[in-house]
Amino acid sequence: MSDEDEKVLIIGAGPFGLSISAHLSALGLAHRVIGKTMDTWEAHMPVGMNLKSEPYASGIAAPSGSYDVAEYCRQHGLPYVNRIGPVSLERFTGYAGWYAKELAPDVSDVNATLVNQTGDGFGVAFAETESLTAKSVVVATGVLPHAHVPAELAGLPSDLLSHSADHRDLSVFKGREVAVVGAGQSALEMAALLHEAGANTTLIVRAPKVAWVDPNPEQISGLGHIRRPTTKLCEGWHCAVWNSPDAFRLLPRDMRVTKARTVLGPAGAAWLKSRVEGVVEVLGGCQVVKAVPIGSRVRLELDGERQALEVDHVIAGTGFRIDLGNLGFLPAELRAKIETLNGFPVLSRACESSVPGLYFVGAAAAVSLGPSQRFLAGTHNSVRQLTKSVARRHATTSAETADRRITAAQ
C-alpha cells in the first residue's frame, strides 16, 4: 500500500460523515468522503417536517469553534430560540449545508459497490470511478438501507405501498385515502402532514393509544438544571445514562438491546399532538394482519375493533431494523467476520468493529454505544473517539511503513 493509497474512507455524507470529516481535517489526517451530502434529509424527508430535538440539541459536532444552529442563524440574520423550537427541516438542511461548506466541503458523489479486506486494510470499488485502497473504512450510511416494512404489508406492489422514508412531496396524495401504519415520530408527523396536504388519512396504531413525549419547560433556572439536567439527547436524570456511551456500555446485554431501540420512542413530540389528536382518524389497539390488493386500492384486514379498511395507498411508518446484509457493498465473507448482536455490529467505544479498521456510526452503533447514536446527539459523544482511534491506527501504520522502507534501503 503506497502513501497515496493510505486513506480513510467515509461511506456516507450525512451528519455523522460530515462530522467525522471535520474532525479528521482538524487532526490533519487525509481522508475521502463519498455519497451525496445530506441526501437522507434533502430527498427522503417530507417537506414541512420539523426536528424532534430541541434547537440547542440540533447541531452537528464540530472539532472546535461554534458551528451549531444558533451560530448559523446569527451569521445569516435568522431568528433563533434555544428551546421549544422546533427546528424546521428547511432550517436544518440550510444549517447542515453551511456546516459542510465550512468544515467538510470535499465530498465525492460516488457510490461504493464493494469493500474487501486486503491484508491490514481494505480495497474499495466504486460504480463511477477507479477503486482505491484504504487503511480504515467508516460506514456512515444512515438508516435508509434498513427501512423496515412488516411482513403483512411487504407483498403489496409499490403503487400501493411505500415507506415513510420514500416521500418528499406529499401533495401527490391530495384527495386520496391513505393509511399510515406506525406510532413513532415519523408515522405521526407523516399522518399530520398528509392531512394538511389534503389527504383523507387514517393512522393505524398497535398500542391502545398514541404516546406523546411530555413537553419541556420553556425556561429552566440554574436550580432547574440540577433537577432536570439537559443533554443533547433529552432532559432529565435518565438522559444522563442514555446519552453516555460509557454508562450505557455497563448495562446488561439484554437491556442494551432493548433500550437501544425503545428509548425516546415510539412516541410523538409534544408540539405535534394538536395536529394529530382529534384531527386525524386514529385506529388504536389495531394491527394489520393481511393486506390484499383490490384493483387500484388495497384492503387492510385488521385485528382491532375495526375489522377492515380500504384505502388508495399504505405508508409504513414502521421505522428501521439494522441488518448488515442490507449493505450491498459488504460481501458475505467480510460480514461473517463482523461480530453482531441482534443484527447490530458489536463495536468498541471508538466505534470499531471486530474487523480492525472497519468502523460503524449512527443507528448501527446504538446497541454498543446507546440510543443517542440514532440522533444528532450521537455525533457529540462518538465522533471524537472514533477519529482519535483512526489517527492512532494511521500513526502506527506510517511508522511501520517507514521501518519497512528503511530496512529495504539498507
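Everything below is about the structure shown above.
What comes next is a walk through the structure. (Residues numbered from 1 in each chain as written. Predicted model: local features only at pLDDT ≥ 70, side-chain atom pairs only at ≥ 80, totals over all residues. Heavy atoms only, no water.)

A separate point is the overall build of the chain. Looking only at helices and strands, the chain features 13 helices and 17 strands. Taken over the C-alpha trace, the chain has a radius of gyration of 23 Å; the compact-globule value for 410 residues is 22 Å, and the two agree within 12%. Here the C-alpha coordinates of the chain stretch approximately 85 × 55 × 45 Å along the principal axes. In the chain, buried positions account for 49% of the 410 residues. In the chain, the share of contacts with a sequence separation of at least 24, taken over all contacts with a separation of at least 6, comes to 66%. When the accessible surface of the chain is summed, it comes to about 18,700 Å², and 50% of that surface belongs to carbon and sulfur atoms. The average position of the 39 basic charges and that of the 41 acidic charges among the side chains of the chain differ by 5 Å. (Helix = DSSP H or I, 4+ residues; strand = E, 2+ residues; numbered from the N terminus. Rg over C-alpha atoms; globule rule 2.2 N^0.38 Å. Buried < 20%, exposed > 50% of the residue type's maximum accessible area, 1.4 Å probe, protein only. Contact = heavy atoms within 4.5 Å. Areas by Shrake-Rupley, 256 points an atom, 1.4 Å probe, with all protein chains shown as cover. Lys, Arg positive; Asp, Glu negative; His and termini not counted. Charge placed at Lys NZ, Arg CZ, Asp CG, Glu CD.)

With that settled, the discussion passes to the state of the cysteines. Considering all chains together, one arrives at one disulfide under this definition. Between Cys 234 and Cys 239 runs a disulfide, and the two sulfur atoms are separated by 1.9 Å. Across the disulfide from Cys 234 to Cys 239, rotation about the S-S bond amounts to roughly -125°, and the bridge is consequently left-handed. Here Cys 234 matches Cys 239 in class, with each residue buried. (Disulfide = S-S within 2.5 Å.)

A separate point is the sheet that holds strand β9 (residues 200–204). Taken in spatial order, the five strands line up as β7-β14-β8-β9-β10 in an open sheet, and their pairing is parallel. Looking at which strands have only one partner, the edges of the open sheet turn out to be β7 (161–163) and β10 (281–283). Across the sheet, the axes of successive neighbouring strands diverge by a mean angle of 25°, strand direction being ignored. Sheet topology note: the strand β8 (residues 177–181)/strand β14 (residues 313–316) ladder contains four bridges and is parallel. Bridged to Val 180 within β14 is Ile 315. (Pairing = 2+ DSSP bridges. Axes fitted to C-alpha atoms, helices over the stretch in contact; angles between N-to-C directions.)

Taken together, Leu 223, Ile 226 and Trp 237 make up a surface patch of nonpolar side chains, about 370 Å² in accessible area. Looking at the element boundaries, Ile 226 is found in helix α7 (residues 222–227). (Patch = residues over 30% accessible without salt bridge, like charges linked within 9 Å, V, L, I, M, F, W, Y side chains within 5 Å. Salt bridge = Lys/Arg side-chain N within 4 Å of Asp/Glu carboxyl O.)

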